[in-house]
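Observations on the model geometry
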Amino acid sequence: MGTGVITDPIGDLLTRIRNGLIARHQEVRIPHSRIKARIADILMREGYLEEAEVIPGEFSSIVVKLKYTPSREPVIKGLRRVSKPGLRVYKNRQELPRVQGGLGIAIVSTSKGVMTDKEARRHKVGGEVLCEVW
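Structure report, in brief. Chains are numbered independently. Their residues run from 1 in the order of the written sequence. Only residues with pLDDT of at least 70 are given local features in this predicted model, and only at 80 or more are side-chain atom pairs given and counted; all residues enter the totals for whole chains, interfaces and linings. Excluding hydrogens and water, the side-chain figures rest on all heavy atoms present in the structure.

**Describing the overall build of the protein**
Note the threshold: Think of it this way: any DSSP run of H or I at least four residues long counts as a helix, any run of E at least two long counts as a strand, and we number them from the N terminus. In this description the radius of gyration comes from C-alpha coordinates, and the expected globular size is given by 2.2 Å times residues to the power 0.38. Exposed residues in this analysis have more than 50% of their type's maximum accessible area, buried residues have under 20%, and partly exposed residues fall in between, with area computed by a 1.4 Å probe over protein chains only. Should any heavy atoms of two residues lie within 4.5 Å, those residues are considered in contact. Surface exposure here means Shrake-Rupley accessible area, sampled with a 1.4 Å probe, where a residue is shielded only by the protein chains that are shown.
When helices and strands are tallied, the protein shows 3 helices and 8 strands. The order of helices and strands in the protein, counted from the N terminus, is α-β-α-β-β-β-β-β-β-α-β. Since a compact globule built from 134 residues should have a radius of gyration of about 14 Å, the 15 Å found for the protein is in line with a globular shape. Taken along the three principal axes of its C-alpha coordinates, the protein extends 40 × 35 × 25 Å. Every one of the 134 residues in the protein was classed for burial, and the buried ones make up 42%. Taking contacts inside the protein between residues at least 6 apart in sequence as the whole, the part at least 24 apart equals 61%. Put simply, the protein shows about 7700 Å² of open surface, and 53% of that area lies on carbon and sulfur atoms.

Spelled out as structure tokens, the structure:
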């Protein structure tokens, strides 16, 4: 696998985080895009990541500091891409998933921006379910 066009940038973001956690890395570097920066920001705000910082430059990137419990277990137990480039998944606000009985979050791209399932319900909007994190 060489350099090239990533057909699923959000899938790439989730895979890099998942692989970083498996390898017990402190941080992972991800090519920057606005939507990936927003997802990383939500994961940080929701307590799944230590930090997410955009490093500007010709090829700007997002440096994500992974979060572990004091016993060195990853805080993120699972990441799942829901809507894929070949099969988009849209839900109205009543159909938005409750991840792990409300213990996890779904990240949804709505007309009011990218937000968690809880925020989407509060704003009374549905949208494309990008991924689930628990």
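The discussion continues.
**Re the sheet that holds strand 3 (residues 61-66)**
Quick reminder of the rule: Here, a strand pair is defined by DSSP locating no fewer than two bridges between the strands. Here, axes are lines fitted to C-alpha atoms. For helices the fit covers the stretch in contact, and angles between N-to-C directions go from 0 to 180 degrees.
Here 3 strands make up an open sheet; going across it, the order is 1-3-2 and the pairing antiparallel. This sheet does not close on itself; its edge strands, each paired only once, are strand 1 (27-31) and strand 2 (49-55). Each adjacent strand pair in this sheet contributes to an overall mean axis angle of 20°, direction not counted. Sheet strands touched by helix 1 (residues 9-22): strand 1 and strand 3. Its angle to strand 1, the strand with the most contacts, is close to 165°.

**Describing the side chain of Thr-116**
As for its placement among the helices and strands, Thr-116 is situated in strand 7 (residues 113-116). The class of Thr-116 is buried, set by a relative accessible area of 1%. Not counting the four nearest positions on each side in its chain, Thr-116 is found in contact with Ile-42, Arg-45, Glu-46, Ile-105 and Ala-106.

**As for the packing of aromatic side chains**
Defined as follows: Aromatic rings from Phe, Tyr and Trp, taking only the six-membered ring of Trp, are treated as a pair when their centres fall within 6.5 Å; an angle between ring planes under 30 degrees marks them as stacked, one over 60 as edge-to-face, and anything in between as tilted. By definition, being over a ring means that NZ of Lys or CZ of Arg is both within 6 Å of the ring centre and within 35 degrees of the ring normal.
The tally for this structure, following the rule as stated, stands at 0 aromatic pairs. It is Arg-72 that lies over the ring of Tyr-68; its NZ or CZ is 4.4 Å from the centre.

**Concerning helix 2 (residues 34-45)**
The α-helix advances 3.6 residues per turn, and as a result positions three or four apart in sequence lie on the same side. As a reminder, the rule being used: To estimate how far a helix should extend, the number of its residues minus one is multiplied by 1.5 Å.
For helix 2, spanning 12 residues, the distance from its first C-alpha to its last is 16 Å, which sits close to the expected 16 Å at 1.5 Å a residue. Those residues of helix 2 lying buried are Lys-36, Ala-37, Ile-39, Ala-40, Ile-42 and Leu-43. Two residues or fewer past helix 2, Gly-47 is found with a positive phi of approximately 90°.

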